[in-house]
Amino acid sequence: MAREGLGQSAATASSGVVWWRNPTIRGVIAQVVVVVLLVAVVWYLVHNTITNLNERSIRTGFSFLDQEAGFAIGEALIAFAPTDTYGRALLVGLLNTLRVSLIGIVLATLLGVVIGIARLSSNWLVAKLASVYVEVTRNIPLLLQLFFWYTIVTQLLPAVREALEPVPGVVLSKSGLQFPIVVGDPTHLPVLGVLALSIVAAFVYRRHAYRRQRETGQEPRLLWPMLAIICLPALAVFLVTGAPLELDVPEFTRFNYRGGASVTPEFLALLLGLSIYTAGFIAEIVRSGILAVPWGQTEAAAALGFRRGLQLRLIVLPQALRIIVPPTTSNYLNLTKNSSLAVAIGYPDLVSVGNTTLNQTGQAIECISIMMAIYLTISLLISAFMNWYNRRIALVER
Amino acid sequence: MAHATANAEAGRSDEIMVDLQRVNKWYGDFHVLKDVSLTVRRGERIVVCGPSGSGKSTLIRCINRLEEHQQGRILVENIELTNDVKNIEMIRREVGMVFQSFNLFPHLTVLENCTLAPLWVRKMPQREAAAVAMKFLERVRIPEQAEKYPGQLSGGQQQRVAIARSLCMMPQVMLFDEPTSALDPEMIKEVLDVMVELAHEGMTMICVTHEMGFAKSVADNVVFMDQGEIVEMAPPAEFFTNPRSDRTKAFLSQILAH
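Numbering of residues starts from 1 in each chain and follows the order in which that chain's sequence is written. Just so you know, chain letters begin at A and ligand numbers begin at 1, following the order they were written in. Note on the predicted model: pLDDT of at least 70 is required for a residue's local features to be given, and 80 or more for side-chain atom pairs to be given and counted; whole-chain, interface and lining totals, by contrast, use all residues. With hydrogens and water stripped out, all remaining heavy atoms of the structure feed into the side-chain values.

Let us look at the domain arrangement of chain A. Looking at chain A, the domain boundaries give domain 1 (86-180 + 262-393) and domain 2 (184-245). For every domain, the bounds stem from an assignment made automatically or drawn from a database. Averaged C-alpha coordinates put domain 1 of chain A and domain 2 of chain A at centres separated by 30 Å.

All names here are of chain A. Residues Phe71, Ile73, Val100, Leu270, Leu350 and Ile382 are the most contacted members of the largest nonpolar core, which totals 56 residues. In this text, helices come from DSSP runs of H or I with a minimum length of four residues, and strands from runs of E with a minimum of two, each type numbered from the N-terminal end. For this core, the element with the most residues is helix H8 (residues 265-291), which contributes twelve residues. For this analysis, residues touch if any pair of their heavy atoms sits within 4.5 Å. Contact partners of Val100, with chain neighbours within four places excluded, come to Phe267, Leu270, Leu271, Leu274, Ser339 and Tyr347. Remark: nonpolar core denotes a set of buried residues (Ala, Val, Leu, Ile, Met, Phe, Trp, Tyr, Cys) joined through side-chain atoms within 4.5 Å. Buried means the residue's accessible area, taken with a 1.4 Å probe over protein chains only, is under 20% of the maximum for its type, while exposed means over 50%, and partly exposed covers the values in between.

With that settled, consider empty space enclosed by the protein. Residues and elements named next belong to chain B. Definitions used for this entry: grid spacing 1 Å over protein atoms alone; cavity, a set of points where a 1.4 Å probe fits but cannot get out; pocket, an open set with protein on both sides within 12 Å along at least 5 of 7 lines; lining residue, one with an atom within 4 Å of a point. Grid points are joined across faces, edges and corners, and a volume is the space filled by probe spheres set on the points. All told, the structure shown has two cavities of 30 Å³ or more when counted by the stated rule. Of the volumes computed, that of the largest cavity is approximately 50 Å³. Residue lining of the largest cavity: Arg139, Val140, Ile163, Leu167, Val194, Glu197, Leu198 and Glu201, and that is the complete set. Elements that contribute at least two residues to the lining of the largest cavity include exactly helix H6 (155-167) and helix H7 (185-200).

What follows deals with the sheet that holds strand S5 (residues 79-80) of chain B. Residue and element names in this part refer to chain B. Spatially, the four strands line up as an open sheet ordered S2-S1-S4-S5, and their pairing is antiparallel. Lying at the two open borders of the sheet, with one neighbouring strand each, are strand S2 (30-41) and S5. Two strands form a pair only when DSSP identifies at least two bridges running between them. As paired strands, strand S1 (residues 16-27) and strand S4 (residues 71-76) are joined by five bridges and run antiparallel to one another. Pairing of Leu20 across the sheet is with Ile74, part of S4.

This part covers the pairing of S4(B). All names here are of chain B. As paired elements, S4 and S5 share two bridges and run antiparallel to each other. Bridged to Val76 within S5 is Ile79. Hairpin connection, S4 to S5: the antiparallel pair is bridged by two residues, and Glu77 has positive phi, about 50°.

To continue, consider the pairing of strand S2 (residues 176-179) of chain A. On a regular strand, each side chain points to the face opposite its neighbour's, so the side chains alternate between the two faces of the sheet. Residue and element names in this part refer to chain A. Across the two faces of S2 the burial differs, with Gly176 and Gln178 buried and Leu177 and Phe179 not buried at all. By the bridge criterion, three bridges tie strand S1 (residues 171-173) to S2 in an arrangement that is antiparallel. Bridge pairing in S2 links Ser173 to Gly176. Sheet analysis places S2 next to strand S7 (residues 261-263), joined by three bridges and oriented antiparallel. Opposite Gln178, over in S7, you have Ser262 as the bridge partner.

Quick look at the packing of aromatic side chains now. Two rings belonging to Phe, Tyr or Trp (six-membered ring only in the last case) form a pair when the distance between their centres is within 6.5 Å. Interplanar angles under 30 degrees mark stacking, angles over 60 mark edge-to-face geometry, and anything in between is tilted. Summed over the entire model, instances satisfying the criterion amount to ten aromatic pairs over all chains. A ring pair is formed by A:Tyr277 and A:Phe281, whose centres lie 5.1 Å apart and whose planes are at 65°; its orientation type is edge-to-face. Residue A:Tyr277 and its partner A:Phe281 are both found in helix H8; the two are separated by four residues, about one turn of the helix. Judged by relative accessible area, A:Phe281 falls into the partly exposed class, the value being 23%. Consider the rings of B:Phe239 and B:Phe240, whose centres lie 5.2 Å apart with planes at 85°: the pair is edge-to-face. Across this residue pair, the class does not change: B:Phe239 and B:Phe240 are buried. Only Lys NZ and Arg CZ are tested; either one counts as a charge over a ring when it is within 6 Å of the ring centre and within 35 degrees of the ring normal. A cation sits over an aromatic face here: A:Arg138 above A:Phe281, 5.9 Å from the ring centre. For the cation-ring pair, B:Lys216 lies above B:Phe240, with the distance from its terminal atom to the ring centre recorded as 5.0 Å.

Okay, the interface of chain B and chain A next. On the chain A side, the residues contacting the 29 residues of chain B number 30 residues. Of the roughly 2,600 Å² buried at the junction of chain B and chain A (both faces included), carbon and sulfur atoms supply 63%. Here the buried area means the combined drop in accessible surface, using a 1.4 Å probe, for two parts upon being joined, counting both sides. The three residues of chain B that bury the most area against chain A are B:Phe105, B:His107 and B:Trp120, which together make up 28% of that side's buried surface. What counts as a salt bridge is simple: a side-chain nitrogen of Lys or Arg found within 4 Å of a carboxyl oxygen of Asp or Glu. Taken together, chain B and chain A are joined by two salt bridges. Here A:Glu219 and B:Lys123 are joined by a salt bridge, their closest N and O atoms 2.7 Å apart. A 3.5 Å cut-off defines polar contacts: any pair of N or O atoms within that distance qualifies, except that in protein one atom must be a possible hydrogen donor and the other a possible acceptor, and neighbouring residues in sequence count only when both atoms are side-chain atoms. Where chain B touches chain A, the interface holds seven residue pairs in polar contact (both at pLDDT 80 or more). Sorting the residues of the side of chain B that touches chain A by element identifies helix H3 (85-94), strand S6 (95-98), helix H4 (110-120), helix H5 (126-139) and H6 of chain B as the ones contributing at least two each. Considering every element that reaches the side of chain B that touches chain A, the biggest residue donor is H4(B), with four residues. For the side of chain B that touches chain A, the per-class residue count stands at 16 nonpolar, seven polar and six charged. All residues other than Ala, Val, Leu, Ile, Met, Phe, Trp, Tyr, Cys, Pro, Asp, Glu, Lys and Arg, Gly among them, are scored as polar; the first ten of these are nonpolar and the last four charged.

Now the structure itself:
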């Protein structure tokens, strides 16, 4: 009897087995239980929130975004006054977040690539210095590093009166960094137009150079010709239009420097902190990516007669980049999200402005969800872009 | 000796292709190559054998400067290997190399593996490079795999692609660094067959290998190395039947025992 039963249960799962030992039925029951619990928890939370809000007679909804904010923001990329709305305040915060994140991503990438390559250097001192950089930046909490840079900028830098001027016109002091900018001139427009066209032309040239190589074997020379194509026409137009170049240089008036462009100490500290911290991670990614390409690849390329630059460009980098790009993407996302620590040193980013809005209006759920939605959107956009780039360079191997 | 005549037809000459004169090399304190001298003429086939660690790989890797020698002279087609990068690149263009671990470029197809160096180093037009590549892929009997990636091929096929890739540069000398040591037994033959054919076409070859059958059938001279020295060098008939040195005898008795 028992042996027969075993054979049957293997052959036909449903017949002859008590129902609570049947894996199919068990599976269905488990799923039903999970769904019921989930619905119950969500319903409880929503109900609880609505009840509480009603008790305290707090209106829900996003209408507060149109109300007057009534607070000032230290620095804004678009005009902002306390009489503007909460909506515009949040937009200012978002733009500040984007500004520090984008510049930070560029700086962290440049610095990270340099440090990563330096760590592979055969020069003992350079390699050790790069290791120290990586170990220090990666192993100290970012928040502390931000405080460190903020202290350096606001405490150790000289007062405005004795400001440092490393390059004439560039002024560094407790009140931030001020630097000259070019004063706009109507003739700059055609120069920029020509520059844009030249960049397109340079890429057309690049395609042409590669096609010529396929047809005649002539090696494409890219760097200098492309630089010339991009720079020379714009330079020519600039000179022809009389080279109108007026710089707005910061100048010391009675109490402080006026003119030029400036960034605040908060922005400077946040940018330094974020870029230097993230560069440590990117350096390690670059180093591991290059090391992950077997030495035999370089040897095979050398044995075929490729010169050093071509070995890297045609053989090593295409294989290394594929390893480097995905983790770098997640570091870009980290940098962007970490920029919310700005609130700790008083840089008016999205979280900082969002917090003030929350405190003044009491619309906690709305404010938090706006901020979360915005960060989610930024992150997904960066992800989408980097995934597109990764697909472009990802190489099939089999 | 059936292929003694074949050798003559294959264009052997007295022209010296590779000349090593009292080459010395150290890894730190370890003396890897001790006063190694070897002359290889055009069309000559040399098989280098010896126990592991005897310096045979290092020796042929010095010929295309994958390793740097510290004393003595190395001349390839009468060009001396110096620290001059241009010289090194010139010599590497004329010297093909096949590695134990194939070292195909995994991100390129078989055809692209074969055309990349002719295109960028020899500055050959794409169409011509592809035609040359297909010719050599047919020679190594895998033209049908041209569009595949190395990862899709068996070890034997990969090594044959690696041979074709080197040949596409039209080298004057081919170096083989244990080309069959990483292969399954049933794939060794397909690679050796290609190498034997290449030898019969008159290619100058220096092979580090433990395939004594290959040495017997194609080598003009067998070189036995031990502890960084060339202990003995003789034509295979003499080398295998009448070795002079005791070290050679000991090595042969071990390797021919099974």
